[in-house]
Amino acid sequence: MNAKNLIAKRIALELKDGYLVNLGIGIPTLVANYTPEGVNIFFESENGIIGMGPVPQDGMENPDLVNASAKYVTAMPGSSCFDSTISFGLIRGGHLDVTVLGGLQVDEKGRLANWMIPGKMIPGMGGAMDLVTGAKRVIVSMTHTAKGKPKIVKKCTLPITSIRRIDLLVTEMAVIEPTENGLVLKEIAPGVTIDEVLKNTEAHLIIPENVPTMKVE
Amino acid sequence: MNAKNLIAKRIALELKDGYLVNLGIGIPTLVANYTPEGVNIFFESENGIIGMGPVPQDGMENPDLVNASAKYVTAMPGSSCFDSTISFGLIRGGHLDVTVLGGLQVDEKGRLANWMIPGKMIPGMGGAMDLVTGAKRVIVSMTHTAKGKPKIVKKCTLPITSIRRIDLLVTEMAVIEPTENGLVLKEIAPGVTIDEVLKNTEAHLIIPENVPTMKVE
Amino acid sequence: MQVLKPTEVIEMIPNGSTLMVGGFLGVGTPDCLMDEIIDQKKKDLTVVCNDSAFPDRGIGKLIVAKLVKKLIASHIGTNPETQQQMIKKELEVELVPQGTLAERIRAAGVGLGGILTPTGVGTSVENGKQVIELDGKKYLLELPIHSDFALIKAKRADYLGNLSYSLTARNFNPIMAMAADVVIAEVEEIVPVGAITPDEVHTPNVLVDYVIVDGRH
Amino acid sequence: MQVLKPTEVIEMIPNGSTLMVGGFLGVGTPDCLMDEIIDQKKKDLTVVCNDSAFPDRGIGKLIVAKLVKKLIASHIGTNPETQQQMIKKELEVELVPQGTLAERIRAAGVGLGGILTPTGVGTSVENGKQVIELDGKKYLLELPIHSDFALIKAKRADYLGNLSYSLTARNFNPIMAMAADVVIAEVEEIVPVGAITPDEVHTPNVLVDYVIVDGRH
């Protein structure tokens, strides 16, 4: 299994029946492919839909029905559409059970930076600041390092997305839970050692006595 | 013509084609009976409808279709319904062309009191404070006096509805326009003299050289 | 979402709870739920509703049955019992302008800390509130209203709990469906998934916890 | 409401105007109006839109044609031209979190002086803004955004100008229809009055000044 699918598969285990879930661009999108059987998830997208389904078959695209990346999607039976104030009312109002987002950096306080690299890339925050501030549970998916450099750092050097502490961080090497006391190493990926995780992490990690392997076959 | 119908008929002359209009309980409701021919008015009600029509014929009542007094109404072709935030968004956001309300007192500053008599009658403000604050034009209809006592006073003794100066006051004796300089007597009712108006008014009235008679036949 | 009988759903409400109840003078109020609250004699309730309707209708029945400790509403003039209990200090009443009431409920539902409204500035509604001046114009800072339960009324629900409302019975129902911990919807009719199209859904299913069907229809 | 040709309606827009444009990455953007703005070379525009879409789509075309002086948006990452002009200081960009952008537009439309949001607290979005603390929680005071013109896209209009939107093409359109002095709606289809029922109307006709029909459909 490649890194991206491993992360997506692990995050999918966090989704429970009846959840309202927002998946960001990139790795998060893959999570939908791994939702456990019998678990009914309502996927929401910032542009104003609950009940988003997979890509339509060729010729069935509706130009008015897209996800937050402007890619054609389908609508599941029982879906609903609404304007941007309701869309973000659901997000900021605490009605969204889980948001899964990509990240550029996560620091020891569990703060996420994911919306700009000053002087280099200024895409804008889009819906990210509202999602991180408002969702009941914020899960970040990212590669553990970028060009060999740690992305889990002592303090974010990039502009943060929210002061809110994220709830879970999943990389291809580890599952980390930011807590009041710091970042706790909860699981390691199959074939990865704790030492390897530490070597690739700038932030201090709290290592419990027992660190199980991610339950992804 | 009795006092109420005279007031309603005079106010109807203020309504222009395409206007969005809210009519309060009592005399204001009668205004709908006198809208000039060929003039298409959209009547709105706080409980969430644009395009309210007259009372339905017997047996055609819909329990879900009422005005702000919970009386059965009809919906005109092209009407629309919405929730209370949109209803008051239209009112407070300046989309309502005219509101016509009843009054207990109007004072020299053009301030209206119409929602409570302390210790005696506390119905609550309902939508009145939003209507007076937000409508483009606020027209008050009331009898000139109550039990012989002037209702147009130097300073409201009852709790005011808004600090906003109303735009027009129509009684069975006169049409009065509150301005920056004070209350201006604009018209008198057929058969009424300026002296009679002054005798029944506590507030100072500015009397222009020419005060025409209300154009209601 | 779960379908329950009125008895079961009201049994979940502890005495002393805060309830939002949809409706405008009783139109759009869940009547079966009101009757069941009376049957089960739920006590010391705080009720948030546009008005106290009539003694024999809507939440007016709860007032008459003396089950309400505190009422937050915009209008109590159509139910004399409310004012009587208020004067006898048996019932605490907080009067809120209707548009402000709608925005305060909405603010809770969409995760805003408050809103600035021009309505009520310079009136008795201003008492005890923070006044914020922007560009020379004054606004009242009005705070969110949240509740333990929302008891709402819709015309139709589909099997998943998507709701649609009918005409002026919509009023406060959609915003209350966002502002409570537990949302209970009384509906007249259950329809197949898809019968309410994505563009017609007024309240998305994920907001609704329990649906009860009004057996009288 | 008046039906005009795209040429006629865009001729009414002076250079230097502030335009709100509906759409999310171009979906739900009035394309005929965009093309007509380019044909008429309207200059020095301030544009309020969720994003700058793509170089060949939505308001992205206006950016490429260098007609925009200032852009207020949440995301510019899909249109490289936007960032390039921004770096060269040819274009001023104000980045606003998406949920905040929606609420600021709505605030203008519904007559609020501002809203308090937790989104952006402690991030660079806080710069220059008033922070208000309530019950130990911090909020940013965000101000309304109003415009001279709103250029919106709907699926259908009836003869009176009532609008309904389609699926995720709804997004910012309904709130922009409330927040501008002049509202221009581009629609795909004109339908008889009544074809959009009162409960299906998304934007009431009284908000719409001009309708243009996209002849490509």
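Calculation rules
Residues numbered from 1 in each chain as written. Chains lettered and ligands numbered in written order. Predicted model: local features only at pLDDT ≥ 70, side-chain atom pairs only at ≥ 80, totals over all residues. Heavy atoms only, no water. pLDDT = per-residue confidence, 0-100. Buried < 20%, exposed > 50% of the residue type's maximum accessible area, 1.4 Å probe, protein only. Helix = DSSP H or I, 4+ residues; strand = E, 2+ residues; numbered from the N terminus. Pairing = 2+ DSSP bridges. Right-handed = clockwise from strand over helix to strand, strands pointing away. Contact = heavy atoms within 4.5 Å. Buried area = accessible area lost by both parts, 1.4 Å probe. Salt bridge = Lys/Arg side-chain N within 4 Å of Asp/Glu carboxyl O. Polar contact = N/O pair within 3.5 Å; in protein donor to acceptor, adjacent residues only side chain to side chain. Nonpolar A, V, L, I, M, F, W, Y, C, P; charged D, E, K, R; others polar. Patch = residues over 30% accessible without salt bridge, like charges linked within 9 Å, V, L, I, M, F, W, Y side chains within 5 Å. Areas by Shrake-Rupley, 256 points an atom, 1.4 Å probe, with all protein chains shown as cover. Axes fitted to C-alpha atoms, helices over the stretch in contact; angles between N-to-C directions. Parallel < 35°, antiparallel > 145°, perpendicular 65-115°, else oblique. Left-handed = near helix turned anticlockwise from the far one by under 90°.

### A few points about the confidence of the model for chain C
Segments scoring low in pLDDT should not have their predicted coordinates read at a detailed level. For chain C, the mean per-residue pLDDT works out to 97, and 100% of the residues sit at or above 70. For this predicted complex, the interface score ipTM comes out at 0.98, alongside a pTM of 0.98.

### Here we look at the pairing of strand β2 (residues 18-21) of chain C
Residue and element names in this part refer to chain C. Burial along β2 is two-sided: the face carrying Thr18 and Met20 and the face carrying Leu19 and Val21 are both buried. Sheet topology note: the β2/strand β3 (residues 45-48) ladder contains three bridges and is parallel. Bridge pairing in β3 links Leu19 to Val47. Handedness of the crossover joining β2 and β3 through helix α2 (residues 31-39) is recorded here as right-handed. In terms of strand pairing, β2 meets strand β9 (residues 147-158) through three bridges, oriented parallel.

### Focus on the interface of chain A and chain D
Counting residues at the interface gives 35 residues for chain A and 39 residues for chain D. Regarding the contact of chain A and chain D, the summed buried area is about 2900 Å², with carbon and sulfur atoms giving 63% of it. In this assembly, chain A and chain D are joined by two salt bridges. Our count for the contact surface shared by chain A and chain D stands at 17 residue pairs in polar contact (both at pLDDT 80 or more). Elements that contribute at least two residues to the side of chain A that touches chain D include exactly α3 (84-92) and α4 (128-134) of chain A. Split by residue class, the side of chain A that touches chain D holds 17 nonpolar, twelve polar and six charged.

### A few points about the pattern of salt bridges
Tallied over the full model, the rule gives 36 salt bridges over all chains. The salt bridge partner of Glu14 of chain A is Arg10 of chain A, with a shortest N-O separation of 3.0 Å. Classification of Arg10 of chain A as buried rests on a relative accessible area of 6%. For Lys70 of chain D, the salt bridge goes to Glu92 of chain D, with nearest N and O atoms at 3.8 Å. Of this pair, Lys70 of chain D sits in strand β4 (residues 68-73) while Glu92 of chain D sits in strand β5 (residues 92-95), and the two are 22 residues apart along the sequence. When its relative accessible area of 47% is taken as the criterion, Glu92 of chain D is described as partly exposed. Sharing partners across several salt bridges, the network here consists of Arg10, Glu14, Arg137 and Glu187 of chain A.

### What to know about a nonpolar patch on the surface
Residue and element names in this part refer to chain C. Taken together, the side chains of Met1, Val3, Tyr159, Ile190 and Val213 present a nonpolar region at the surface, about 450 Å² in accessible area. Among the secondary structure elements, Ile190 is positioned in strand β11 (residues 180-191). The exposure class of Ile190 is partly exposed, given its relative accessible area of 34%.

### Here's the deal with the packing of helix α3 (residues 84-92) of chain B against helix α5 (residues 98-109) of chain C
Where α3 of chain B meets α5 of chain C, the closest approach of the two axes is 9 Å, and the angle between their N-to-C directions is 130 degrees. Considering their axes alone, α3 of chain B and α5 of chain C lie oblique with respect to each other. As α3 of chain B packs across α5 of chain C, the resulting crossing turns out to be left-handed. Contacts between α3 of chain B and α5 of chain C pair Ser84, Thr85, Phe88 and Arg92 of chain B from the former with Gln98, Gly99, Thr100, Ala102, Glu103 and Arg106 of chain C from the latter. In terms of residue class, the contact of α3 of chain B with α5 of chain C is made up of two nonpolar, five polar and three charged.

### Here we look at the pairing of strand β12 (residues 210-213) of chain D
Residues and elements named next belong to chain D. Bridge count for strand β1 (residues 2-3) against β12 is two bridges, and the pairing is parallel. Bridge pairing in β12 links Val3 to Val211. Here strand β11 (residues 180-191) pairs with β12 via four bridges, running parallel. Looking at the pairing, Ala185 lines up with Val211 of β12.

### Section: the environment of Gly111 of chain C
On the secondary structure map, Gly111 of chain C appears in the loop between α5 and β6 (114-117). Beyond its immediate stretch of four places on either side in the chain, Gly111 of chain C contacts Arg92 and Gly93 of chain A together with Pro118 of chain D.

### Some words on the interface of chain C and chain A
Many analyses report the size of an interface as the accessible area lost when the parts associate. Contact residues are listed per partner, giving 17 residues for chain C and 17 residues for chain A. There are zero salt bridges connecting chain C and chain A. One can count five residue pairs in polar contact (both at pLDDT 80 or more) joining chain C with chain A.

### What about the sheet that holds strand β5 (residues 98-102) of chain B?
Overall, mixed pairing links the ten strands, which are arranged β4-β3-β2-β1-β5-β8-β12-β13-β14-β15 (chain B) in an open sheet. The open sheet is flanked by β4 (74-81) and β15 (205-206) of chain B, the only strands paired with a single partner.

### Considering the side chain of Asn47 of chain B
Relative to the helices and strands, Asn47 of chain B is located in the loop between β2 (42-45) and β3 (49-53). The class for Asn47 of chain B is buried, based on a relative accessible area of 0%. Among the polar contacts made by the side chain of Asn47 of chain B, one reaches the main-chain carbonyl oxygen of Asn67 of chain B at a distance of 3.3 Å. Other than its neighbours up to four places away in sequence, Asn47 of chain B contacts Val66, Asn67, Ala68, Phe82 and Ser87 of chain B together with Phe24, Thr168 and Asn171 of chain C.

### Here we look at the environment of Ala157 of chain C
Looking at the element boundaries, Ala157 of chain C is found in strand β9. Through-space distance from the C-alpha of Ala157 of chain C to that of Val208 of chain C is 10.0 Å; in sequence the pair is 51 residues apart.

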